[in-house]
Number of protein chains: 2
Amino acid sequence: MVESCIIHPVGIVRRRGETAWIEVFGPYRDAMLGLEGFSHIQVIFWFHENDTAEIRRTLRVHPRKDPSNPLTGVFATHSPKRPNLIGLTRCRITGIDGSRIAIDAIDARDGSPVIDIKCFIPDVQPPEDVRVPDWV
Amino acid sequence: MVESCIIHPVGIVRRRGETAWIEVFGPYRDAMLGLEGFSHIQVIFWFHENDTAEIRRTLRVHPRKDPSNPLTGVFATHSPKRPNLIGLTRCRITGIDGSRIAIDAIDARDGSPVIDIKCFIPDVQPPEDVRVPDWV
């Protein structure tokens, strides 16, 4: 049984007003080769401001912080309060300059550690019969 | 600067022949409430068999292990060799029974630690002008 996994951030989210980008750390720059062929990436980041034992014990929330939404397990939400503070957002690449990947927008705070980047490959066949609950 | 993030697995991938499921660990079961309202989840797991310093130093690969594909940075691929061994797959839920989430299929090995589960919410508006390189 794996007890824990150690993640080393590979970059950081930067935001200034309407501008957002990812700064990839030097040791990981070689992993960017070929990103220019993609229009979109999936950015996996860490909700670092929530990294406390108490928040990581949060297992149920009212989605979108709306008390009228039913109490819901965090695995059935995208809440930034969860046992492992992983955020996931698809972003459009607006430019690449050295170690900097400019993106259209991201729902991460300035300073959030980036823990992985994956190219976005659209579905050959979109999923059928997708079902979501009423609160969505 | 965040030096490292500690991940505690919340479950494990199980596969037996054509059958696949996620076994959520006891302390995290409360986080499953409401999953039954969704048809699909995004499963984030750890490529535990690749957790060596050498593999985690791999920054470039030939996608799909095909030497005729151009050498590509791992951030521009879904390679299981990457600095942080994070895998991401959208799965259809075929049933939920206690701590077990049966799924249609997953490209993770039996025994892979599950590090997060997120509900799948389809795009209100699919991304436009998606571009991918020729090897895709």
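### So, the overall build of chain A
For chain A, the helix and strand inventory stands at 1 helix and 9 strands. Scanning chain A from its N terminus toward the C terminus, one meets helices and strands in the order β-β-β-β-α-β-β-β-β-β. Summarising its shape, the C-alpha atoms of chain A cover approximately 45 × 40 × 40 Å along the three principal directions. The buried share among the 136 residues of chain A stands at 39%. Looking at chain A alone, contacts between residues at least 24 apart form 65% of all its contacts between residues at least 6 apart.

### A few points about the pairing of strand β9 (residues 113–119) of chain B
Residue and element names in this part refer to chain B. Burial within β9 is extensive, with 7 of its 7 residues counted as buried. Note: strand β2 (residues 11–16) against β9, 2 bridges, orientation antiparallel. For I12, the partnering residue across the bridge sits in β9 and is P113.

### What about the relation of the copies chain B and chain A?
Mapping chain B onto chain A leaves a residual RMSD of 0.0 Å; the transformation is a rotation of 180° accompanied by 0.0 Å of translation along its axis. Classification of the inter-copy transformation places it as that of a two-fold axis. Among all C-alpha atoms of chain B, that of I6 of chain B lies closest to the rotation axis, at 2.6 Å. Of all interface residues in chain B, 100% are interface residues in chain A too; the two copies therefore contact each other through one and the same surface.

### Side note on the sheet that holds strand β4 (residues 40–46) of chain A
Taking strand neighbours around the barrel as the criterion, the 6 strands line up as β2-β3-β8-β7-β4-β9 (chain A) in a closed arrangement whose pairing is antiparallel. For this sheet the average axis-to-axis angle between neighbouring strands, irrespective of direction, equals 45°.

The rules behind the values
Residues numbered from 1 in each chain as written. Chains lettered and ligands numbered in written order. Predicted model: local features only at pLDDT ≥ 70, side-chain atom pairs only at ≥ 80, totals over all residues. Helix = DSSP H or I, 4+ residues; strand = E, 2+ residues; numbered from the N terminus. Buried ≥ 20, exposed ≤ 12 C-beta atoms within 10 Å, placed from the backbone. Contact = placed C-beta atoms within 7 Å. Pairing = 2+ DSSP bridges. Least-squares fit on C-alpha atoms with pLDDT ≥ 70 in both. Axes fitted to C-alpha atoms, helices over the stretch in contact; angles between N-to-C directions.

What is shown is where atoms sit, not what they do.
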